[in-house]
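The chain contents come next:
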Amino acid sequence: MISNLPAGLLLLSAFALAAQAQTAPAAAPDSDTQPPAASVQRQRRGNLGSPEAEMLDRARIRHEEESHREFRERAGEAAQLGEELRKAYESGRGFGRDEMKKLERVEKLARKIRSGVGGSGDDDRLEDPPDGIDAAIAHLAALTEELNEAVKKTSRLVVSAAVIERSNRVIELVRHLRSVLPR
């Protein structure tokens, strides 16, 4: 039994060396002996980072694109409501409950657009309010269309001062209209 001990140790060390050789990383071959495609592929993998980080980046980009699409839809809806309000007032129907709801919706859309592009604050007051309700409503329709066009021109990667400024002006004008319109 003792005579089998050195043979067993020798066998055990042989297995250990074989296992270590399988798990140890192989030395990197010379770039001269490695095919160019494999070298380029390894370099690309090194630049991308981990697959988890890449998935998170792609999800973030999809979320930003979806948010930008929503801003564009909101701006389009605000422009449509501004035009509907102008037409309703010009047709002589006046401002009823439906028109007041549309006015509130325009303000809410402008707030969402403004906050979505990084703007904030409600401290500004309308400096030169239009004379008369008809001029204010026409100005609101024009402003909402300007806002829509500014949002269309803006990329999701840009914080647009023009969009923020137009959103603020729409909000101020809606407040002004609500204060002067008969309830």
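Above this note sits the structure.
Residues numbered from 1 in each chain as written. Predicted model: local features only at pLDDT ≥ 70, side-chain atom pairs only at ≥ 80, totals over all residues. Heavy atoms only, no water.

Participant: Run through helix 6 (residues 161-180), naming residues and quoting values.
Facilitator: Between its first and last C-alpha atoms helix 6 spans 29 Å; for 20 residues at 1.5 Å apiece the expected length is 28 Å, and the two agree. Restricting attention to buried positions, one finds in helix 6 the residues Val-163, Ile-164, Ser-167, Asn-168, Val-170, Ile-171, Glu-172, Leu-173, Val-174, His-176 and Leu-177. (Helix = DSSP H or I, 4+ residues; strand = E, 2+ residues; numbered from the N terminus. Expected span 1.5 Å × (residues − 1). Buried < 20%, exposed > 50% of the residue type's maximum accessible area, 1.4 Å probe, protein only.)

Participant: Got a sec to walk through the pattern of salt bridges? Specific residues and values, please.
Facilitator: Scanning the entire structure with this criterion turns up 15 salt bridges. Across the pair Glu-107 and Arg-175 runs a salt bridge whose closest N-O atoms are separated by 4.0 Å. Pair noted here: Glu-107 is in helix 4 (residues 97-116) and Arg-175 is in helix 6, with a separation of 68 residues, a long-range link. Overall, the relative accessible area of 8% leaves Glu-107 in the buried class. For Arg-175, a relative accessible area of 23% gives the class partly exposed. Between Glu-149 and Lys-152 there is a salt bridge whose closest N-O contact spans 3.8 Å. Taken as a pair, Glu-149 and Lys-152 lie in helix 5 (residues 133-153) at a separation of three residues, close to a single helical turn. One salt-bridge network, in which partners are shared between bridges, spans Glu-107, Arg-111, Arg-175 and Arg-178. (Salt bridge = Lys/Arg side-chain N within 4 Å of Asp/Glu carboxyl O.)

Participant: Before we move on, could you go through the layout of surface pockets and cite the residues and values that matter?
Facilitator: By volume, the largest pocket amounts to about 180 Å³. If you trace the largest pocket, you find 14 residues lining it, with His-68, Phe-71, Gly-116, Val-117 and Arg-156 closest to the centre. Ranked by residue count, the leading element in the lining of the largest pocket is helix 3 (residues 51-90), at five residues. Taken together, the residues of the lining of the largest pocket sort by class into five nonpolar, seven polar and two charged. (1 Å grid on protein atoms, 1.4 Å probe; cavity = no way out; pocket = protein on both sides within 12 Å on 5 of 7 lines; lining within 4 Å. Points joined across faces, edges and corners; volume = space filled by probe spheres on them. Nonpolar A, V, L, I, M, F, W, Y, C, P; charged D, E, K, R; others polar.)

Participant: Kindly report on the nonpolar core, identifying the contributing residues and their values.
Facilitator: What tends to happen in soluble globular proteins is that the nonpolar side chains get buried as a cluster. By size, the foremost hydrophobic cluster in this structure holds 28 residues, and its most contacted members are Leu-103, Leu-140 and Val-170. For this core, the elements supplying multiple residues, two or more each, are helix 3, helix 4, helix 5 and helix 6. In contact with Val-170, not counting residues within four places along its chain, are Val-106, Ala-110, Leu-140, Leu-143, Thr-144 and Leu-147. (Core = buried A, V, L, I, M, F, W, Y, C linked by side-chain atoms within 4.5 Å. Contact = heavy atoms within 4.5 Å.)

Participant: Outline the packing of helix 3 against helix 4, listing residues and values.
Facilitator: Two elements in contact, helix 3 and helix 4, have axes whose closest approach is 9 Å; the angle formed by their N-to-C orientations is 150°. Put simply, helix 3 runs roughly antiparallel to helix 4. With respect to the hand of their crossing, helix 3 and helix 4 are arranged in left-handed fashion. Taking contact as the criterion, the partners of Phe-71, Arg-74, Ala-75, Glu-77, Ala-78, Leu-81, Gly-82, Glu-84, Leu-85 and Ala-88 in helix 3 are, on helix 4, Glu-99, Lys-102, Leu-103, Arg-105, Val-106, Leu-109, Lys-112, Ile-113 and Gly-116. (Axes fitted to C-alpha atoms, helices over the stretch in contact; angles between N-to-C directions. Parallel < 35°, antiparallel > 145°, perpendicular 65-115°, else oblique. Left-handed = near helix turned anticlockwise from the far one by under 90°.)

Participant: So what's going on with helix 4? Residues and values would help.
Facilitator: For helix 4, with 20 residues, the first-to-last C-alpha span of 29 Å sits near the 28 Å given by 1.5 Å per residue. Burial in helix 4 covers these residues: Glu-99, Met-100, Leu-103, Val-106, Glu-107, Leu-109, Ala-110, Ile-113 and Arg-114. Two residues or fewer after helix 4 comes Gly-118, characterised by a positive phi angle close to 100°.

Participant: So what's going on with the side chain of Thr-154? Residues and values would help.
Facilitator: By secondary structure assignment, the location of Thr-154 is in the loop between helix 5 and helix 6. In contact with Thr-154, not counting residues within four places along its chain, are His-68, Ser-160 and Val-163.

Participant: For the environment of Arg-86, give the residues involved together with the corresponding values.
Facilitator: Within the secondary structure, Arg-86 is located in helix 3. Measuring from C-alpha to C-alpha, the distance between Arg-86 and Glu-99 comes to 9.9 Å, with 13 residues separating the pair along the chain. Among the polar contacts made by the side chain of Arg-86, one reaches the side chain of Glu-90 at a distance of 2.7 Å. (Polar contact = N/O pair within 3.5 Å; in protein donor to acceptor, adjacent residues only side chain to side chain.)

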